Amino acid sequence: KSYEESDKLMLQTCYHTNILNPIVGLLCSVSPISTSSTSSYSLITSASDFLSTIISKSTKDQTYYTILSQLITLYSTKGFLINVYNSLKPSYDSSVEANVCLVSVGLLGITVAEKGIGVCCLKSYAVTIEDTNYYVDFVLQVVQKCPNNGVRCECLNVWLDLQDEAVADRRPKYGKVFYMKVLECIVEGLKYNKDFESWEECIELDKSEFDEFRSLASEVLQQCYSLLRLDFLNVLRNEMKGEWQNVEGALYALEEVSTGVCARVKSMGVSTKADREGTVAVLRDLLDLVVTNQSTLHPVMLASTCRFLGSYAPFINSHCSPESIVRVLEYLKASFSGSPSTRLEAGKSIRGILLNCTKQLARVEGFEALLGSCISVSLEAGERGAILAVAEGGTRACVQIGGQSCNVGLGSLCTPVLKYLEQFFMAVKAAEASNDVGLAEASKRKLSTGLATLAVIIKYLDGLAVDGNGTHPFAELLNVCWPMLQSIASYDPCRLHHDILQELLGVHGKIVSSFGDIIEPKLGELINIVVQAYEEGYNRGCLDFVAVAAEKFGNRGGGVEESFRGLLAHLTAKTCQHIQSVGMSESTELVTSFFDLAQRFLLFCPSALVKNEQFPLIYSFGVACLTQCKGERDSTRQALIFLTQIIGRKGVRLSQSTRAALEEFRTTIDAHTAQHGAEIVKSCFVSLAGGSPQMLLPPFSDCLYAIVTHVIGADSEEGGKVDGGGGGLVQSWIVAALNDEAIPKFIEDSDKANMMTAMFNIATKGLKEKGRFKSLIGDFVKICKKEINADVLAAYS
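These numbers were taken from a predicted model, which means no experiment stands behind them.

## Here we look at the overall build of the protein
Here is step 1 of the chain: From N to C terminus, the protein includes 41 helices and zero strands.
Here is step 2 of the chain: The burial tally for the protein puts 52% of its 797 residues in the buried class.
Here is step 3 of the chain: For the protein, contacts bridging at least 24 residues in sequence account for 73% of all contacts bridging at least 6.
Here is step 4 of the chain: Element-wise, carbon and sulfur atoms account for 50% of the exposed surface of the protein, whose accessible area totals about 34300 Å².

## Some points on unusual backbone geometry
Here is step 1 of the chain: Positive phi, normally seen in glycine, also occurs at N435, with a value near 60 degrees.
Here is step 2 of the chain: Structurally, the position occupied by N435 is in the loop between α23 (403-433) and α24 (437-460).
Here is step 3 of the chain: Classification of N435 by relative accessible area gives exposed; the value is 65%.
Here is step 4 of the chain: Notably, Y538 is not glycine yet its phi reads approximately 50 degrees, a positive angle.
Here is step 5 of the chain: The topology assignment puts Y538 in the loop between α29 (523-537) and α30 (540-553).

## Digging into the nonpolar core
Here is step 1 of the chain: In this structure, W159, F232, F601, L609, F685, L704 and I734 are the most contacted members of the largest nonpolar core, which totals 226 residues.
Here is step 2 of the chain: Among the elements that make up this core, the one with the highest residue count is α23 (11 residues).
Here is step 3 of the chain: Apart from the residues within four sequence positions on either side, F601 is in contact with V546, A550, F564, L568, P606, A608 and L609.
Here is step 4 of the chain: Ranked by size, the runner-up nonpolar core spans 13 residues in total, among them I23, L51, I67 and V103.

## Topic: helix α14 (residues 258-266)
Here is step 1 of the chain: Taken together, the buried positions of α14 are S258, V261, C262, R264 and V265. Down the axis of α14, the sector holding all buried residues measures 155 degrees, keeping them to one side. Across α14 from its buried face, at more than 90 degrees, point the exposed residues T259 and K266.
Here is step 2 of the chain: Structurally, α14 contributes buried residues whose contacts are with α11 (207-228), α12 (230-239), α13 (244-256), α15 (273-290), α16 (299-311) and α17 (313-319).

## Some points on the side chain of T449
Here is step 1 of the chain: When you line up the elements, T449 lands in helix α24.
Here is step 2 of the chain: With near-sequence residues (within four places) excluded, T449 lies in contact with R384, I387 and Y420.

## Examining the packing of α11 against α13
Here is step 1 of the chain: Where α11 meets α13, the closest approach of the two axes is 9 Å, and the angle between their N-to-C directions is 60 degrees. As summarised for this structure, α11 and α13 are arranged oblique, according to the angle between their axes. Relative to α13, α11 is oriented so that their crossing is right-handed. Note on element contacts: α13 touches α11 through E248, G249, Y252, A253 and E256, opposite R214, S215, S218, L221 and Q222.

## Digging into the packing of α29 against α30
Here is step 1 of the chain: Where α29 meets α30, the closest approach of the two axes is 9 Å, and the angle between their N-to-C directions is 150 degrees. Taken together, α29 and α30 sit at an angle that is classed as roughly antiparallel. In this structure, α29 crosses over α30, and the sense of that crossing is left-handed. Residues L523, L526, I527, V530, A533 and Y534 of α29 pack against C542, L543, F545, V546, A549 and F553 of α30.
Here is step 2 of the chain: Grouping the amino acids of the contact of α29 with α30 by side-chain chemistry returns 12 nonpolar, no polar and no charged.

## Here's the deal with the environment of S335
Here is step 1 of the chain: You can see S335 is positioned in the loop between α18 (322-334) and α19 (340-356).
Here is step 2 of the chain: On the basis of relative accessible area, S335 is assigned to the buried category, the value being 0%.
Here is step 3 of the chain: Residues S335 and L302, spaced 33 residues apart in sequence, show a C-alpha to C-alpha distance of 7.3 Å.

## Brief notes about empty space enclosed by the protein
Here is step 1 of the chain: What the rule picks out here adds up to three cavities of 30 Å³ or more.
Here is step 2 of the chain: Its volume calculated, the largest cavity comes out at about 70 Å³.
Here is step 3 of the chain: If you trace the largest cavity, you find it lined by T644, G648, G651, V652, D702, Y705, A706, T709, D715, L767 and K770.
Here is step 4 of the chain: Looking at the lining of the largest cavity residue by residue, the class counts come to four nonpolar, four polar and three charged.

## Digging into the pattern of salt bridges
Two side chains with opposite charge may pair up if their charged atoms get near one another.
Here is step 1 of the chain: In total, this model carries 28 salt bridges according to the counting rule given.
Here is step 2 of the chain: For the salt bridge of R214 with E248, the shortest nitrogen-to-oxygen distance reads 2.6 Å. Pair noted here: R214 is in helix α11 and E248 is in helix α13, with a separation of 34 residues, a long-range link. Here R214 and E248 have matching classes, each one buried.

## Description of the side chain of K444
Here is step 1 of the chain: As for its position among the elements, K444 is in helix α24.
Here is step 2 of the chain: Setting aside residues no more than four positions away along its own chain, K444 makes contact with V428, E432, P493, H497 and I500.

## Overview of a negative patch on the surface
Here is step 1 of the chain: A contiguous patch of negative charge on the surface is contributed by D195, E197, E200, E201 and E204.
Here is step 2 of the chain: Turning to its location among the elements, D195 is positioned in the loop between α10 (176-190) and α11.

## Some remarks on helix α41 (residues 770-784)
Here is step 1 of the chain: Spanning 15 residues, α41 covers 21 Å between terminal C-alpha atoms, matching the ideal 21 Å at 1.5 Å per step.
Here is step 2 of the chain: One or two residues past the end of α41 sits K786, with phi positive at roughly 60 degrees.

## Overview of the confidence of the model for the protein
Here is step 1 of the chain: Confidence in the prediction for the protein averages 84 pLDDT; 83% of positions are at 70 or higher.
Here is step 2 of the chain: Considering each helix and strand of the protein separately, the mean pLDDT is smallest for helix α7 (residues 117-124), with a value of 44, and largest for α24, with 96.
Here is step 3 of the chain: Confidence drops under pLDDT 50 across residues 113-127; counting only partners more than four residues distant or on other chains, this segment forms 27 contacts.

## Side note on the packing of aromatic side chains
Here is step 1 of the chain: Scanning all chains against the criterion turns up 20 aromatic pairs.
Here is step 2 of the chain: For the pair F178 and Y179, a centre-to-centre distance of 5.3 Å together with 90 degrees between the ring planes defines the contact as edge-to-face.
Here is step 3 of the chain: When the centroid spacing of 5.8 Å and the interplanar angle of 90 degrees are considered together, the rings of F425 and Y491 count as edge-to-face. In this pair, F425 is assigned in helix α23 and Y491 in the loop between α25 (473-490) and α26 (492-495), connecting sequence segments 66 residues apart.
Here is step 4 of the chain: Among the aromatic residues, those joined into a cluster by ring pairs are Y192, F196, W199, F210 and W244.
Here is step 5 of the chain: Residue placement shows K429 over the ring face of Y491; its charged tip is 5.8 Å from the ring centre.

## Let's talk about the environment of Y179
Here is step 1 of the chain: Considering the arrangement of structural elements, one finds Y179 in helix α10.
Here is step 2 of the chain: Judged by relative accessible area, Y179 falls into the buried class, the value being 0%.
Here is step 3 of the chain: Sequence separation of Y179 and L227 is 48 residues, and the distance between their C-alpha atoms is 7.8 Å.

What counts, and where the lines are drawn
Residues numbered from 1 in each chain as written. Predicted model: local features only at pLDDT ≥ 70, side-chain atom pairs only at ≥ 80, totals over all residues. Heavy atoms only, no water. Helix = DSSP H or I, 4+ residues; strand = E, 2+ residues; numbered from the N terminus. Buried < 20%, exposed > 50% of the residue type's maximum accessible area, 1.4 Å probe, protein only. Contact = heavy atoms within 4.5 Å. Areas by Shrake-Rupley, 256 points an atom, 1.4 Å probe, with all protein chains shown as cover. Core = buried A, V, L, I, M, F, W, Y, C linked by side-chain atoms within 4.5 Å. Arc of directions from axis to C-beta. Axes fitted to C-alpha atoms, helices over the stretch in contact; angles between N-to-C directions. Parallel < 35°, antiparallel > 145°, perpendicular 65-115°, else oblique. Left-handed = near helix turned anticlockwise from the far one by under 90°. Nonpolar A, V, L, I, M, F, W, Y, C, P; charged D, E, K, R; others polar. 1 Å grid on protein atoms, 1.4 Å probe; cavity = no way out; pocket = protein on both sides within 12 Å on 5 of 7 lines; lining within 4 Å. Points joined across faces, edges and corners; volume = space filled by probe spheres on them. Salt bridge = Lys/Arg side-chain N within 4 Å of Asp/Glu carboxyl O. Patch = residues over 30% accessible without salt bridge, like charges linked within 9 Å, V, L, I, M, F, W, Y side chains within 5 Å. Lys, Arg positive; Asp, Glu negative; His and termini not counted. Charge placed at Lys NZ, Arg CZ, Asp CG, Glu CD. Expected span 1.5 Å × (residues − 1). pLDDT = per-residue confidence, 0-100. Phe/Tyr/Trp six-rings, centres within 6.5 Å; stacked < 30°, edge-to-face > 60°. Lys NZ or Arg CZ within 6 Å of the ring centre and 35° of its normal.

Structural data, given as structure tokens:
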């Protein structure tokens, strides 16, 4: 039987046989003596497992709540679960303990969160508040501390359910005192074992279960803070005096509520003054505690401290002096000597401090040198994520400051990065010369990181204004870094390395995108390098770079259009040759980038696309992708977007200049549409009927709508007619597509006729009916999946 039927059968059996009474009677009689017998213990295990199974049933009807009402009453009057728990011996299987705890939590959850039928059953069975209060303390004091992670997470779910109820409507039992106990239990569960060193050596804890508990605890902690406020912080401050496990658990809890705490500190209400001042005092004490000593900290503890400092950056900015902020930065810099995870957290927190405390730090003498030391320490530590985070924070801080300080700060930030690039470029050359493969690869990874760092700096310089002389600070940076970039690009072992080339193209792409006027004199040199790199390795980043260049410069006059037309023709020929040799399905990432490139040409340089000698190949390539990419999401979607925009150019969002340029060559475009229309329509219907990924259904629907409305001349608000030559052509395409063998056989000919009638009925009414057309296609998909009957098509006729 299905799971649902099995659930109902079990519940009905319990209800009609009154089996709960003998089970509860058995559990009430449990004693340490009875659990010493193997046969008795087996029966107890089975009984507790049975109750746990009942609690977890998904079918929650009248019978379910009636049975639970019985259990609650029996539990409160006889305490059978507590009796079992107290009679257990440590030597026995912990499954009974887990079952007892799960049943307790399940019963409590029913009384806390269930509405409607559940409440009615509880009331009809005379379940009182006192009945449930009897074991609330048991759940808090025993169950929440159960070593079984599943049990502890179930407790958290109950507390989460409780918070859905308005505070004013809760029972007195669930007030501040209750949540103080919840907080204490959760903080206990957040702690690592006393002898914890690393996850590789730990056998008492499971990392995935530990992480799951912390994730679920986050929302409960926020609820606790919203009720306890200053008391919450005081509980955690007391934990800071214990072992590192206590301190780390407290810091984790503080980090999870940091948004609420920082907002509380900023509140201006008179009623919150005492709490606000108390919060500020506690946080200052905590900051002093955590930055006092780090030499003997456990790596896990040090990483948590870094996260804590970063999460409270808004508070540090508003309530700490510039000197104290520098002290925090120095602490974070020193943390780069720790483990990889610690270095990453330190880098993120430095970014947070630099972004939140910029104005404070700008008043510090030697701030620019401090930026340089931060990026130098991160580069030396070698953790990529940390390096990029520090580079982002430093660049954005400089942009916020502006003026001469900005230029000096950028110099301090970029100088270590350029030295890093030079150091590892020379290391690559030396390793290649000595044929040291391992050293060469390690140096190339470092070089790739340096290029990624430079790309981040360039990215966040975009918002920087020109200086008083009318020049942008980036111009000087470009003059300094250009020779190094060219040297890297010209050296074959670097250019042929995938990661280095990808990052190098990323740097150039960001330069072109943000500072096109500055780089324009060097564009021809860049294009030559990119084309050479593409022919050597067919790296998709080369196409992405050309796409950015086409967007930036494609609409320039003069010979720019001619140059881009030749460039596109060359890249099209090379791409198709390569894909033909390796197979379309093996090159989907390259296909995605190619049609992104084609779309940029369509939008920003349409004449270079449509007048291109390779335009027939580009069009047919796009049509082939609809089937040969075999439903791969990104490549198929990008090809569909390109075809939809060029076919349905009147009905999609394009600039007037782009639409006018495409209309100028409508004869060429329409000829290719007529040539490939049957295949496009067939691909759309077959994909819609054959279970394409859900994300591809909208673009297939859009493409089908574009070709139908355009060919019959209905791609306007006014609409069109079907009785012309275009209508007959599209009808033949649709008939052939619906009769393809890939269309489900159970769809009758009359249903296919109704589908075509409905399509034309909607399409002829113009673009205002596009939403209804897509709704029709959605129903067609459901018909093919047998989710609905084909009779629904009549509603569209």
